Amino acid sequence: MDLKEKCPVLHFNDLGDERGKLVVIEGNESIPFDIKRVFYIYGSDDTVVRGQHANRDSEFVLINVAGTSKVRITDGTEEFVVELNKPMMGVYIPKMIWKDMYDFSSDSVLLVLASTHYDGKEYIRDYQEYLKEIKI
Ligand code: TYD
């Protein structure tokens, strides 16, 4: 399976009508895990790079519910970039995949759905350490 297959771009149904748009994401239905945690990132801009880590135990779905950002995704061998620019699209990031988020528009609100509660110890924040762990 190549990296783009492991980290698919997801398209959610828009249940909107004349009153406005509505996007629903249900754990284990529209995304491949139960949602244990939600956080969102805003107030970033095009000068910062966030993320810069891989997670040993967590899976994520990233969605720009407002504005735009980019996610660079790598497994240490392949790499690709997803532009998150629609509230009804997201990208799935499984365990042990390195990600950088950058190029945030000033109105960017990046919503992150996670499969775990927060545990700082399951983060790998050193890229050389990441490469070592995935090559085992
Ligand atoms: P960090 O992992 O650097 O954010 P990002 O991946 O979005 O660039 O997190 C910033 C700080 O917030 C860091 O001190 C850890 C803390 N944090 C939590 O306490 N819980 C969480 O769920 C997250 C994502 C971060």
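Residues numbered from 1 in each chain as written. Predicted model: local features only at pLDDT ≥ 70, side-chain atom pairs only at ≥ 80, totals over all residues. Heavy atoms only, no water.

Caption draft 1: Quick look at the nonpolar core. If you look at the biggest cluster of nonpolar residues, it comprises 20 residues, and the most contacted ones within it are Leu62, Val71, Ile73, Leu84 and Leu110. Only β4 (60–66), β5 (69–74), β6 (79–84), β7 (89–93) and β9 (109–114) provide two or more residues apiece to this core. Residues contacting leucine 84, with those up to four places away along its chain left out, are Leu62, Ile63, Asn64, Gly67, Thr68, Ser69, Val71, Met89, Gly90, Val91 and Leu110. Counting nine residues, the second largest nonpolar core, distinct from the first, contains Leu10, Val61, Tyr92 and Leu111. (Core = buried A, V, L, I, M, F, W, Y, C linked by side-chain atoms within 4.5 Å. Buried < 20%, exposed > 50% of the residue type's maximum accessible area, 1.4 Å probe, protein only. Helix = DSSP H or I, 4+ residues; strand = E, 2+ residues; numbered from the N terminus. Contact = heavy atoms within 4.5 Å.)

Caption draft 2: Structural detail: the packing of aromatic side chains. Enumeration according to the criterion identifies six aromatic pairs in this entry. Measuring from ring centre to ring centre gives 5.0 Å for tryptophan 98 and tyrosine 127, while their planes differ by 75°; the resulting arrangement is edge-to-face. With a gap of 29 residues between them, tryptophan 98 in strand β8 (residues 98–102) and tyrosine 127 in helix α2 (residues 127–135) connect regions that are remote in the sequence. Given a relative accessible area of 7%, tryptophan 98 falls into the buried group. Using a relative accessible area of 30% as the deciding quantity, one classes tyrosine 127 as partly exposed. (Phe/Tyr/Trp six-rings, centres within 6.5 Å; stacked < 30°, edge-to-face > 60°.)

Caption draft 3: Main features of a nonpolar patch on the surface. Among the surface-exposed residues, Ile35, Val38, Tyr40 and Tyr42 lie close enough to one another that they form a single nonpolar patch of about 440 Å² accessible area. Considering the arrangement of structural elements, one finds valine 38 in strand β2 (residues 37–42). What makes valine 38 partly exposed here is its relative accessible area of 49%. (Patch = residues over 30% accessible without salt bridge, like charges linked within 9 Å, V, L, I, M, F, W, Y side chains within 5 Å. Areas by Shrake-Rupley, 256 points an atom, 1.4 Å probe, with all protein chains shown as cover. Salt bridge = Lys/Arg side-chain N within 4 Å of Asp/Glu carboxyl O.)

Interpretation in functional terms is not warranted from these geometric data alone.
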